[in-house]
Amino acid sequence: MNKPVETNVKSTKSWKREVREWGVSIIAALGVSMLIQTYAFAQTEVHNISMQNTLVEGQRLIEDKLSYHFTGPKRGDIVIINGPESDVRLVKRLIALPGDVVDIRNGKLYLNGEVLEEPYTKGKTYPLGLDVPLTVPKGEVLVLGDNREHSTDSREIGTIAISSLEGKAIFRLWPLSQFGGLR
C-alpha cells in the first residue's frame, strides 16, 4: 500500500517541478525578448507620408538600435529620431553629417557643393525655414523626409543631435509584398 502513495507523491512533485520549470523558462524568454526590444532591435510603424515613396503609412519596420553604439551614422540611413527636437518619434533619411555644408537651390539639394542625386525623393526640395547654406554643427545631423514637399524635418525643426538617433530602420516586415531590406 505504501508504494502507490510514494508513486503518487513522486508524480505530484514531478508535475509541480515541470510547471515550475516551464514557468521559469517562459519568464526568462519574456525577459530576454523585452531586453532585445528595448536595447537591440524593435518593431516600429510608419505613421505619416513624409517618407513616400520609400515608406508609406502603415508599414512595419525592424529598427536596429545597436549599430550606432559601435559605428557612427551614415548618409542615406533611414533613422528613427526620438529626442527633444520633436514631440513625436520621426522616421527620416539622414542627409548630412557634422561639418557637411548643405545648400538648397532651384528645388535641388546640394551637399558640400555637389548636387545630391536622390532617386528616392518625391517632389522638389525647398529650404522652408532652413537658413542655407548651412554647415551642420558638431554632434548633429541633418535629416529630410523623402516626400520633400510634405515632410516636417530639419528644414523646420533644425538639425538633430546624434544622441537623438534612436536607431536605423533596416528591414520592412509589412506589407508582405514589400518584405525585405531597406535602401
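First, a word on scope: everything that follows refers to the structure included in this document. (Residues numbered from 1 in each chain as written. Predicted model: local features only at pLDDT ≥ 70, side-chain atom pairs only at ≥ 80, totals over all residues. Heavy atoms only, no water.)

### Structural notes on the nonpolar core
Core analysis: the largest hydrophobic core is formed by 11 residues, namely I95, A96, V102, I104, L109, L111, L130, L134, V136, L142 and L144. Every element with two or more residues in this core is listed here: β4 (90–96), β5 (101–105), β6 (108–111) and β9 (140–144). If we skip the residues at most four places from it in the chain, L142 touches R93, L94, I95, A96, V102, L130, L134, V136, S154 and T159. In terms of nonpolar packing, the next biggest core, distinct from the first, is built from 10 residues, Y68, L94, L97 and V143 among them. (Core = buried A, V, L, I, M, F, W, Y, C linked by side-chain atoms within 4.5 Å. Buried < 20%, exposed > 50% of the residue type's maximum accessible area, 1.4 Å probe, protein only. Helix = DSSP H or I, 4+ residues; strand = E, 2+ residues; numbered from the N terminus. Contact = heavy atoms within 4.5 Å.)

### Structural notes on the packing of aromatic side chains
One pass over the structure, following the stated rule, counts zero aromatic pairs. Over the face of the ring belonging to Y120 we find R93, whose NZ or CZ atom lies 3.7 Å from the ring centre. If you follow R105 out to its NZ or CZ, it ends over the ring of Y110, 3.8 Å from the centre. (Phe/Tyr/Trp six-rings, centres within 6.5 Å; stacked < 30°, edge-to-face > 60°. Lys NZ or Arg CZ within 6 Å of the ring centre and 35° of its normal.)

### Observations concerning the environment of W174
By the secondary structure assignment, W174 is in strand β11 (residues 165–174). Residue class for W174 comes out partly exposed when judged on its relative accessible area of 47%. As a C-alpha pair, W174 and G58 span 116 residues in sequence and 8.1 Å in three-dimensional space. Among all residues touching W174, those that are not within four sequence positions of it are G58, Q59 and R60.

### Looking at the pattern of salt bridges
If you walk through the whole model with that rule in mind, you get eight salt bridges. R89 is the partner of E63 in a salt bridge, and the nearest nitrogen-oxygen pair spans 3.1 Å. One end of the pair, E63, is in strand β2 (residues 60–64); the other, R89, is in the loop between β3 (78–81) and β4, with 26 residues separating them in the sequence. A residue is classified by how much of its surface remains accessible, and E63, at 0% relative accessible area, is buried. R89 gets classed as partly exposed once you look at its relative accessible area, which sits at 39%. Linking R89 and E166 is a salt bridge whose minimum nitrogen-to-oxygen distance equals 2.6 Å. A residue pair is termed long-range when its members are at least 10 positions apart, and R89 in the loop between β3 and β4 and E166 in strand β11 qualify at 77 residues. Salt bridges sharing common partners tie together E63, R89 and E166. (Salt bridge = Lys/Arg side-chain N within 4 Å of Asp/Glu carboxyl O.)

### Quick notes on the sheet that holds strand β7 (residues 114–115)
With antiparallel pairing, four strands are arranged side by side in an open sheet as β7-β6-β5-β8. Looking at which strands have only one partner, the edges of the open sheet turn out to be β7 and β8 (134–135). (Pairing = 2+ DSSP bridges.)

### Overview of the side chain of T54
With respect to the secondary-structure elements, T54 resides in the loop between β1 (41–45) and β2. For T54, the side chain forms a polar contact with the side chain of R93, separated by 3.5 Å. There is a polar contact of 2.5 Å between the side chain of T54 and the side chain of D146. (Polar contact = N/O pair within 3.5 Å; in protein donor to acceptor, adjacent residues only side chain to side chain.)

### Points about the pairing of β11
In the case of a regular strand, side chains alternate between the two sheet surfaces. Note: β2 against β11, five bridges, orientation antiparallel. Considered in β11, the bridge of E63 is made with A169. Sheet topology note: the β3/β11 ladder contains three bridges and is antiparallel. When the sheet's bridge partners are listed, I81 is paired in β11 with L165.

### Let's talk about the environment of V136
With respect to the helices and strands, V136 occurs in the loop between β8 and β9. The exposure class assigned to V136 is buried, which follows from its relative accessible area of 2%. Through-space distance from the C-alpha of V136 to that of I160 is 9.5 Å; in sequence the pair is 24 residues apart. If sequence neighbours within four positions are ignored, V136 has contacts with A96, L97, P98, G99, D100, V102, V141, L142 and T159.

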